[in-house]
Amino acid sequence: MCRHNGKPRLNILDRYLLREYLRAFAVALFFFIALVIIVRLLDYDLKKFEDDIDYLTATKIVFFQAPRRIMEMVPIAAFVAVFFTLGRMVRSNEFTAMKAGGISVYRLLVPILVVTLLICGLFTFFYDRIASPAFHQAHLLQNKVKPRRGRNIVFKGKDNRIFYSQRIVLDERIISHLTIYEHDVEEQLDRITFAKSATWTPTQWELTDGYIRHFERGVEVDYETFDTYAIERYEDPTRFIGSEKDPRAMTIEELREQIAYKKEAGQIHRKERVKLYHKTAYPFAAVVVVMLGAPIAIRFGRAGFFAGLVIAFFISFIYWALSFATLEGLSESGKLHPFIASWGANILYAVVGSIMIWRTPK
């Protein structure tokens, strides 16, 4: 880059590289989006729908799933774009001329990597605020989920509370035969509260027609009845019937809230932690894929566009298999830290790409 009036300005080479790269990226992404929607969604996913799902609902599912599918294509589009851009320069001997003019490989890659990083930042927002909520809507439609009622539910809440409800109807804000077991710091039973019916406000459980049994060291020491009774509420009643979102469909903020709640309630939250790190790691897969794609394009760019397409799918497949199927699976089972699981593939690809760029003839 050069400077104009003290401010950095893109030179002719930077503008040329970015124009070619962004054009190739846009075309590749559009092609893969169409491929995903037409082939994978319409041909594959629709076959999995149940017979009683009407065509309009099926179409809605297709388009609600599309943003998440688009995210899967971004690294492939980035690889194809850099392979096509640099590969064409190799085939036309532009790359050789630039080297002869004293322009290094590093100088060529800087603007491409910077703009890819900016694209990844935009897709981080897209993944969090658009793709994830849309995936949730697709999940509700496809599974016809109406999580508004439940029976015979056991739920572990905060402050060593365990809830048992015979029946819950969320639309009517009513719980029938609610029992709350409370334990002390030594995990011994401290109190049992029972109510024939219960409802809730933003801050309290409002219990009706029940009793309270008090215990000391596991022995009952007191018993009292009540017509109405209120206790502080921390739990979201929708959690009782498992209606909380799939972690894949949660935003970063929702995942953080879920993790904080489960920590306080003593519930397992490994899956949510993995998905939280995943939300920040996966959108930047395009950067590390470009770091791999650039030296491959310089070495094998003469092989042509379709060779780059094959390599792109192969590298992306290895990334998905390593990140999703292996590392994140190990983390969800408690064998690997969530950060390593989610960022591990990015770190590995970045290291390998850096070595390949360093070893590329200057």
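Conventions and cut-offs
Residues numbered from 1 in each chain as written. Predicted model: local features only at pLDDT ≥ 70, side-chain atom pairs only at ≥ 80, totals over all residues. Heavy atoms only, no water. Helix = DSSP H or I, 4+ residues; strand = E, 2+ residues; numbered from the N terminus. Buried < 20%, exposed > 50% of the residue type's maximum accessible area, 1.4 Å probe, protein only. Contact = heavy atoms within 4.5 Å. Areas by Shrake-Rupley, 256 points an atom, 1.4 Å probe, with all protein chains shown as cover. Pairing = 2+ DSSP bridges. Patch = residues over 30% accessible without salt bridge, like charges linked within 9 Å, V, L, I, M, F, W, Y side chains within 5 Å. Salt bridge = Lys/Arg side-chain N within 4 Å of Asp/Glu carboxyl O. Core = buried A, V, L, I, M, F, W, Y, C linked by side-chain atoms within 4.5 Å. Axes fitted to C-alpha atoms, helices over the stretch in contact; angles between N-to-C directions. Parallel < 35°, antiparallel > 145°, perpendicular 65-115°, else oblique. Left-handed = near helix turned anticlockwise from the far one by under 90°. Nonpolar A, V, L, I, M, F, W, Y, C, P; charged D, E, K, R; others polar.

1. Some words on the overall build of the protein chain
Scanning the protein chain from terminus to terminus reveals nine helices and eight strands. Per-residue burial for the protein chain yields a buried fraction of 46% across its 362 residues. A sequence separation of at least 24 residues applies to 64% of the contacts in the protein chain between residues at least 6 apart. When the accessible area of the protein chain is evaluated, it comes to approximately 19,100 Å², of which 60% is carbon and sulfur surface.

2. Observations concerning the pairing of strand β8 (residues 219-232)
Bridge count for strand β7 (residues 204-216) against β8 is 12 bridges, and the pairing is antiparallel. Bridging across to β8, Arg 213 finds its partner in Tyr 223. Between β7 and β8, which pair antiparallel and follow one another directly, the connecting turn spans two residues, one of which, Arg 217, has a positive phi of 55°.

3. Considering the environment of Ala 34
Tracing the sequence through the fold places Ala 34 in helix α1 (residues 12-48). Sequence separation of Ala 34 and Ala 66 is 32 residues, and the distance between their C-alpha atoms is 9.8 Å.

4. A closer look at a nonpolar patch on the surface
Taken together, Tyr 106, Phe 339, Ile 340, Ile 347, Val 351, Ile 355 and Trp 358 make up a surface patch of nonpolar side chains, about 710 Å² in accessible area. Examining the composition of the nonpolar patch, we find that six residues originate from one element, helix α9 (residues 338-359), more than from any other. Looking at the secondary structure, you find Val 351 in helix α9.

5. Here's the deal with the nonpolar core
Core analysis: the biggest nonpolar cluster contains 59 residues, and Tyr 21, Phe 25, Phe 32, Leu 86 and Phe 123 have the highest contact counts within it. Those elements that place two or more of their residues in this core are α1, α2 (55-91), α3 (94-100), α4 (105-142), α7 (285-300), α8 (305-332) and α9. Ranked by the residues each element gives to this core, the list is headed by α2, at 15 residues. Non-local contacts of Phe 123, meaning those with residues more than four positions away in its chain, are made with Phe 25, Leu 29, Ile 70, Met 71, Val 74 and Pro 283. Of all hydrophobic cores here, the second largest spans 18 residues; its members include Ile 175, Phe 226, Ile 231 and Tyr 261.

6. Considering the packing of α7 against α9
Between α7 and α9, the least distance of the axes is 8 Å, while the angle of their chain directions is 30°. Of the possible angle classes, the one that applies to α7 and α9 is roughly parallel. By crossing handedness, the relation of α7 to α9 is classed as left-handed. Between α7, through Ala 285, Val 288, Val 289, Met 291, Leu 292, Pro 295, Ile 296 and Arg 299, and α9, the contact on the second element is made entirely by Asn 346, Tyr 349, Ala 350, Val 352, Gly 353, Ser 354, Met 356, Ile 357 and Arg 359. Considered class by class, the residues forming the contact of α7 with α9 number 12 nonpolar, three polar and two charged.

7. Structural notes on the pattern of salt bridges
When the charged atoms of two side chains with opposite charge come close together, those side chains can pair. For the structure on display, the rule yields 12 salt bridges. The salt bridge involving Asp 14 is made with Arg 107; its shortest N-O contact spans 2.9 Å. One end of the pair, Asp 14, is in helix α1; the other, Arg 107, is in helix α4, and 93 residues separate them in sequence. According to the relative accessible area criterion, Asp 14 is buried, its value standing at 0%. Among the ionic pairs, Glu 20 bridges to Arg 88, the shortest N-O distance being 3.5 Å. Here the residue Glu 20 occupies a position in helix α1, and Arg 88 occupies one in helix α2, the gap between them amounting to 68 residues. Judged by relative accessible area, which is 13%, Glu 20 ranks as buried. Residue Arg 88 is classed as partly exposed on the basis of its relative accessible area of 23%. Look at the salt bridges and you will find they share partners, linking Glu 20, Arg 23, Arg 88 and Glu 94 into a network.

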